[in-house]
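# Reading the structure
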Amino acid sequence: MACSAVTLSIATIGAVVAVVCLAVGFGTDNWYEIRVNRTIIRARLEGNTEDLKNFENDARYFDRDEGLFRICFPQQKPRGVSTYVSPVQTECMNINYYLPENKISDDFSEERWERLHMARAVIGLYLVGFLFLFFSFFTGVAGCWKRSHGNIVATGLLQLLAALVDAGAMGLWHGVQYYDYQKLRDSMAYFGWPDVLKHKGHTTFNYGWSYILVWIGVGMCLLTSILFLSSAHCLRREKKTEQAKNIQYLMPVYPDKRQPYNYAAYPGPYYQYGY
Ligand SMILES: *[C@@H]1O[C@H](CO)[C@@H](O)[C@H](O)[C@H]1NC(C)=O
């Protein structure tokens, strides 16, 4: 009893933490933090009116946090971009996934389309991951309620699938980053950034806490899947020992000479009193 109960409790807590990490990371915008040293860039652009206009209007000249759905400006916001206040009170603009596709996306190169498909697949994979976690909730509740080996195994496997799908989504997200910063050679990619921004030290890049939170969530998912599977193993072993005990209770006490037909602990239909 103790083994499966303790492991199941820890697994349940782990699963809740995993879901919270994944959901918060998925919804927040601090995946990739881009910091622009505007002081040094303003000094560089001194006297160039065209560039100074971009300096105030173009989002690429501003500190920003990129998420899966939004780009947010924690400090100043560019004038040339319409933003709105996100649920966590920063000025943000939405990332365009071109749903529905429009005139701009019709002109995309093949590689740009590959990137877009990958970016959409990242979101898709996360949603599939959440679906697995959603199902695992029901199998988990049923498994704990009925102490059912099969349901707990199913919970563990669903957690494992969720962890794999989410890790795949993370991998694909890195693929999108690779396309943005290295592979693509168009004006929308890093390749098309103004040179002053690409200069070493003028722009710095960091992975943010949302990104880290999602990796923690993936790790927790993996851990809880192992815990669920091992608690299912415990449960089966415990049930077997319980059964063995019950069989002992059902064993007839062999009759002795004085009470030839007396079965002490067997109240079955053949129970007879001695005479
Ligand atoms: C910007 O660059 C200048 C010159 O390299 C440096 O002195 C300053 O500390 C930098 N500012 C930030 C916020 O990093």
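So, how was this worked out
Residues numbered from 1 in each chain as written. Predicted model: local features only at pLDDT ≥ 70, side-chain atom pairs only at ≥ 80, totals over all residues. Heavy atoms only, no water. Axes fitted to C-alpha atoms, helices over the stretch in contact; angles between N-to-C directions. Helix = DSSP H or I, 4+ residues; strand = E, 2+ residues; numbered from the N terminus. Parallel < 35°, antiparallel > 145°, perpendicular 65-115°, else oblique. Left-handed = near helix turned anticlockwise from the far one by under 90°. Nonpolar A, V, L, I, M, F, W, Y, C, P; charged D, E, K, R; others polar. 1 Å grid on protein atoms, 1.4 Å probe; cavity = no way out; pocket = protein on both sides within 12 Å on 5 of 7 lines; lining within 4 Å. Points joined across faces, edges and corners; volume = space filled by probe spheres on them. pLDDT = per-residue confidence, 0-100. Contact = heavy atoms within 4.5 Å. Buried < 20%, exposed > 50% of the residue type's maximum accessible area, 1.4 Å probe, protein only. Core = buried A, V, L, I, M, F, W, Y, C linked by side-chain atoms within 4.5 Å. UniProt positions renumbered as here; feature names shortened; annotations may be inferred. Pairing = 2+ DSSP bridges. Phe/Tyr/Trp six-rings, centres within 6.5 Å; stacked < 30°, edge-to-face > 60°. Lys NZ or Arg CZ within 6 Å of the ring centre and 35° of its normal.

The contact between helix 5 (residues 110-146) and helix 6 (residues 149-183) brings their axes to 8 Å, and the two run at 165°. Compared by their axis directions, helix 5 and helix 6 come out roughly antiparallel. Our pair here, helix 5 against helix 6, has a crossing hand that is left-handed. Classifying every residue of the contact of helix 5 with helix 6 gives 23 nonpolar, 10 polar and 8 charged.

Of the pockets and cavities examined, the largest pocket occupies roughly 890 Å³. As for the largest pocket, its lining consists of 33 residues, of which E66, I71, I95, R115 and M188 are closest to the centre. Elements represented by at least two residues in the lining of the largest pocket include exactly strand 2 (64-66), strand 5 (91-94), helix 5 and helix 6. Looking at the lining of the largest pocket residue by residue, the class counts come to 21 nonpolar, 5 polar and 7 charged. Taken as a whole, the second largest pocket spans an internal volume of roughly 260 Å³. Surrounding the second largest pocket, 15 residues form its lining, T12, A15, V16, S136 and F137 being those nearest its centre. If you list the elements that add at least two residues to the lining of the second largest pocket, you get helix 1 (2-27), helix 5 and helix 6.

Put simply, the chain has an average pLDDT of 90, and 90% of its residues get 70 or more. For the stretch residues 270-275, pLDDT sits under 50, and the model shows 6 contacts to residues farther than four places along the chain or on other chains.

This next bit is on the environment of C3. If you trace the backbone, C3 turns up in helix 1. Given a relative accessible area of 27%, C3 falls into the partly exposed group. In this structure, the C-alpha to C-alpha distance between C3 and E66, residues 63 residues apart in sequence, is 44 Å. Apart from residues lying up to four places away in sequence, C3 is in contact with C234, R237 and E238.

By size, the foremost hydrophobic cluster in this structure holds 44 residues, and its most contacted members are W31, I41, Y61, L68 and Y126. Put simply, the parts of the chain that give this core at least two residues each are helix 1, strand 1 (32-36), helix 2 (38-45), strand 3 (70-73), helix 5, helix 6, helix 7 (195-198) and helix 8 (209-250). Here the element with the most residues in this core is helix 6; it accounts for 10 residues. Listed in part, the 7 residues of the second largest apolar core include L8, F228, A232 and L235.

The sites that UniProt annotates as "transmembrane region" (unreviewed entry) are residues 123-145, 157-176 and 209-230. Taken end to end, residues 209-230 has its terminal C-alpha atoms 31 Å apart, with 100% of it in helix and 0% in strand.

Right, let's talk about the sheet that holds strand 5 for a bit. Overall, antiparallel pairing links the 6 strands, which are arranged 4-5-3-2-1-6 in an open sheet. Unpaired on one side and paired on the other, strand 4 (84-85) and strand 6 (203-207) mark the two borders of the sheet. Pairing geometry for strand 1 and strand 6, over 5 bridges, is antiparallel. Within the sheet, the bridge partner assigned to V36 lies in strand 6 and is T203.

Here we take up the packing of aromatic side chains. Describing an aromatic ring pair means giving the distance of the ring centres and the angle of the ring planes. Scanning the entire structure with this criterion turns up 26 aromatic pairs. With a centroid separation of 5.4 Å and 45° between ring planes, the pair formed by Y32 and Y207 is classed as tilted. Highlighted residues: Y32 in strand 1 and Y207 in strand 6, separated in sequence by 175 residues. A relative accessible area of 10% places Y32 in the buried class. Overall, Y207 belongs to the partly exposed group, its relative accessible area being 41%. For the cation-ring pair, R38 lies above F62, with the distance from its terminal atom to the ring centre recorded as 4.0 Å. Here the basic side chain of K198 rests over the ring of F191, its NZ or CZ set 5.5 Å away from the ring centre.

Our next topic: unusual backbone geometry. A cis amide bond links L99 to the next residue, P100, at an omega of 0°. Relative to the assigned elements, P100 resides in the loop between strand 5 and helix 4 (103-106). Positive phi is not limited to glycine here, since Q89 has a value of about 65°. One can find Q89 in the loop between strand 4 and strand 5. Note on Q89: relative accessible area 63%, which makes it exposed. Of note in the backbone geometry, R147 takes a positive phi value of approximately 50° without being a glycine. Considering the arrangement of structural elements, one finds R147 in the loop between helix 5 and helix 6. Since its relative accessible area comes to 23%, R147 is described here as partly exposed.

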